[in-house]
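Tertiary structure, described
Residues per chain, in single letters:
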Amino acid sequence: GDVELMAPKTKAYTITVQAKEIADDNLTFTIKVNPDKVQEYNTANGTDYEIVPAEAYSISTNTLYLPRYNRQSSTSTLTLKADGMPDDGKTRLLPITIEKIEGNAETVLEANDSTFYVKFARVTIAGIKFKEGEGTEAKPYIIRESQDMLALANSLKSGATTHFKMEADVDMAD
């Protein structure tokens with residue numbers, strides 16, 4: 001997924017492993033950030049992402065457990081930290097890979113299921129723009145989330161009339 005955060009914000013995500021079938025045995029999955037996957041992703045997608053710096057994320061545990069007769073593993077928490085990202089506006093890539101599976105020799109991990117990617121960027125108020133609208137009476141800026149409220153600061157000009165429409169309750173704590 002794509003994540004944009006302003007410093008000093010952090011955002012946490014839950015990581016789990018989902019099996020296609022019910023596990024016959026207890027399984028242990030080891031996950032890790034795999035820098036080699038950045039170049040692989042760039043080659044496959046015609047992009048030039050750099051890896052998210054180590055100080056911009058943490059993973060609560062690299063070991064996930066899938067108990068026998070279940071399909072979903074225990075959880076780990078990925079925390080992204082805007083303060084750890086360079087303040088250059090670039091989106092960076094964080095590839096998280098299942099490195100190892102223990103518990104059943106017959107367990108197969110399909111290559112396309114072993115890595116997920118997080119695109120992460122540090123943003124500043126100056127870089128935040130409205131996703132919808134033009135600020136005119138006919139096409140007002142649409143406010144639905146906290147990023148839209150922050151975009152107001154960039155859109156207001158002295159002596160000019162700016163139109164906006166509030167379409168949702170906005171929680172500025174996010």
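Before reading further, recall that the structure is shown in the block above.
Just so you know, these numbers come straight off a predicted model, no measurement behind them.

Quick look at the environment of Lys11 now. Mapped onto the elements of the fold, Lys11 is located in strand β2 (residues 10-15). Counting along the chain gives 58 residues from Lys11 to Tyr69, while the straight-line C-alpha distance between them is 32 Å. Discounting chain neighbours no more than four positions away, the residues touching Lys11 are Leu5, Leu78, Thr79 and Leu80.

We now examine the sheet that holds strand β6 (residues 76-81). Spatial strand order, β2-β6-β4: 3 strands in an open sheet with antiparallel pairing. In this open sheet, the two strands that pair with only one neighbour each are β2 and β4 (57-59). Recorded for the sheet is a direction-independent mean angle of 15 degrees between the axes of neighbouring strands. Sheet analysis places β4 next to β6, joined by 3 bridges and oriented antiparallel.

This paragraph deals with the pattern of salt bridges. Applying the stated criterion to the full structure yields 12 salt bridges. Ionic pairing is found between Glu40 and Lys37, a salt bridge with its closest N-O pair at 3.2 Å. Of the two residues, Glu40 and Lys37 are both situated in helix α1 (residues 36-45); the distance of 3 residues between them amounts to about one turn of the helix. By relative accessible area, which is 46% here, Glu40 ends up partly exposed. Assessed through its relative accessible area of 16%, Lys37 is described here as buried. A salt bridge links Arg92 to Glu50, with the shortest nitrogen-to-oxygen separation between them at 3.4 Å. Taken together, the residues span a long stretch of sequence, with Arg92 in strand β7 (residues 91-102) and Glu50 in the loop between α1 and β4 at a distance of 42 residues. Given a relative accessible area of 5%, Arg92 falls into the buried group. Judged by its relative accessible area of 37%, Glu50 falls in the partly exposed class.

Take unusual backbone geometry next. For Tyr69, which is not glycine, the phi dihedral falls at a positive 70 degrees. With respect to the helices and strands, Tyr69 occurs in the loop between β5 (63-66) and β6. Among the residues examined, Tyr69 registers a relative accessible area of 56% and is labelled exposed.

So, about the side chain of Thr97. Within the secondary structure, Thr97 sits in strand β7. Engagement of the side chain of Thr97 in a polar contact is seen with the side chain of Thr115, the distance being 3.0 Å. Not counting residues within four places of it along the chain, the set of residues in contact with Thr97 comprises Thr30, Ile31, Lys32, Asn34, Lys37, Ser114 and Thr115.

Note that Thr115 resides in strand β8 (residues 115-123). Leaving out residues up to four positions away in the same chain, Thr115 has contacts with Lys37, Pro95, Ile96 and Thr97.

The full count for this structure, using the stated rule, is 3 aromatic pairs. A ring pair is formed by Tyr41 and Tyr117, whose centres lie 4.7 Å apart and whose planes are at 50 degrees; its orientation type is tilted. Residue Tyr41 is located in helix α1, and its partner Tyr117 is located in strand β8; the two are separated by 76 residues in the primary sequence. Given a relative accessible area of 14%, Tyr41 falls into the buried group. Residue Tyr117 is classed as partly exposed on the basis of its relative accessible area, which comes to 23%.

Here is what the cut-offs are and how they apply
Residues numbered from 1 in each chain as written. Predicted model: local features only at pLDDT ≥ 70, side-chain atom pairs only at ≥ 80, totals over all residues. Heavy atoms only, no water. Helix = DSSP H or I, 4+ residues; strand = E, 2+ residues; numbered from the N terminus. Contact = heavy atoms within 4.5 Å. Pairing = 2+ DSSP bridges. Axes fitted to C-alpha atoms, helices over the stretch in contact; angles between N-to-C directions. Salt bridge = Lys/Arg side-chain N within 4 Å of Asp/Glu carboxyl O. Buried < 20%, exposed > 50% of the residue type's maximum accessible area, 1.4 Å probe, protein only. Polar contact = N/O pair within 3.5 Å; in protein donor to acceptor, adjacent residues only side chain to side chain. Phe/Tyr/Trp six-rings, centres within 6.5 Å; stacked < 30°, edge-to-face > 60°.

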